[in-house]
Amino acid sequence: MSKTFTLGEAQTLLPVLEALLRKAQAAAARASALEGEMQQLNQRIFLAGGMRVDISVAARRRGEREKALMEAKDTLSEIDAIGVRVQDFEAGLLDFPCQVDGRLVLLCWQLGEPAIGHWHGQEDGFEGRKPVDMLFGRGERERLN
């Protein structure tokens, strides 16, 4: 069975996971911007029927793009190694497996939310999110804040 988290454990990990997620998103955005630059250069070369290109600059940009892609992948691997599932990278949606009364549910957090406030079943997805209070009751929720 994969790692499971209590609500308290998941809550405690949020600052680290938020930093990792933002790092991965920034690296992916850099890679995307560099890819756009390379596509524009290819388009200019094509439209001009060829042109002189500073190969060292182009190679450096390609290397920067590869490095940014690798940074994003490595950072997502760090999140995965912690045991947290990245459900939607662009939206910053994370799920924490949690055992409650013998069943596996997913505590659900989205980038920008101040705390874990929702959960859903494995088949429900984001659209099926319910308030954590319905799962744990107010008592445990208040102890965490």
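Structure's up top.
Residues numbered from 1 in each chain as written. Predicted model: local features only at pLDDT ≥ 70, side-chain atom pairs only at ≥ 80, totals over all residues. Heavy atoms only, no water.

## A few points about the sheet that holds strand β3 (residues 103-110)
Step number 1: Strand order in the open sheet formed by five strands is β1-β2-β3-β4-β5, and the pairing between neighbours is antiparallel. Since the sheet does not close on itself, it has two edges, and those belong to β1 (85-88) and β5 (130-131), each with one partner.
Step number 2: In this structure, strand β2 (residues 93-100) lies alongside β3, joined through eight bridges in antiparallel fashion. The partner of V100 across the bridge, within β3, is R103. (Pairing = 2+ DSSP bridges. Helix = DSSP H or I, 4+ residues; strand = E, 2+ residues; numbered from the N terminus.)

## Considerations on the environment of P131
Step number 1: Position of P131 relative to the elements: it lies in strand β5.
Step number 2: The exposure class of P131 is partly exposed, given its relative accessible area of 38%.
Step number 3: In the structure, P131 is positioned 13 residues away from H118 in sequence and 4.5 Å away in space, judged by C-alpha atoms.
Step number 4: Residues in contact with P131, not counting those within four places in the same chain, are G117, H118 and W119. (Buried < 20%, exposed > 50% of the residue type's maximum accessible area, 1.4 Å probe, protein only. Contact = heavy atoms within 4.5 Å.)

## What about the packing of aromatic side chains?
Step number 1: Tallied over the entire structure, the rule returns one aromatic pair.
Step number 2: Taking 5.7 Å as the distance between ring centres and 85° as the angle between the ring planes, the aromatic pair formed by F5 and F96 counts as edge-to-face. Residue F5 is found in the segment before α1 (7-48), and its partner F96 is found in strand β2; the two are separated by 91 residues along the sequence.
Step number 3: The exposure class of F5 is buried, given its relative accessible area of 4%.
Step number 4: Over the face of the ring belonging to F5 we find K3, whose NZ or CZ atom lies 4.7 Å from the ring centre.
Step number 5: One residue, K130, lies across the ring of W119, its end atom 4.8 Å from the ring centre. (Phe/Tyr/Trp six-rings, centres within 6.5 Å; stacked < 30°, edge-to-face > 60°. Lys NZ or Arg CZ within 6 Å of the ring centre and 35° of its normal.)

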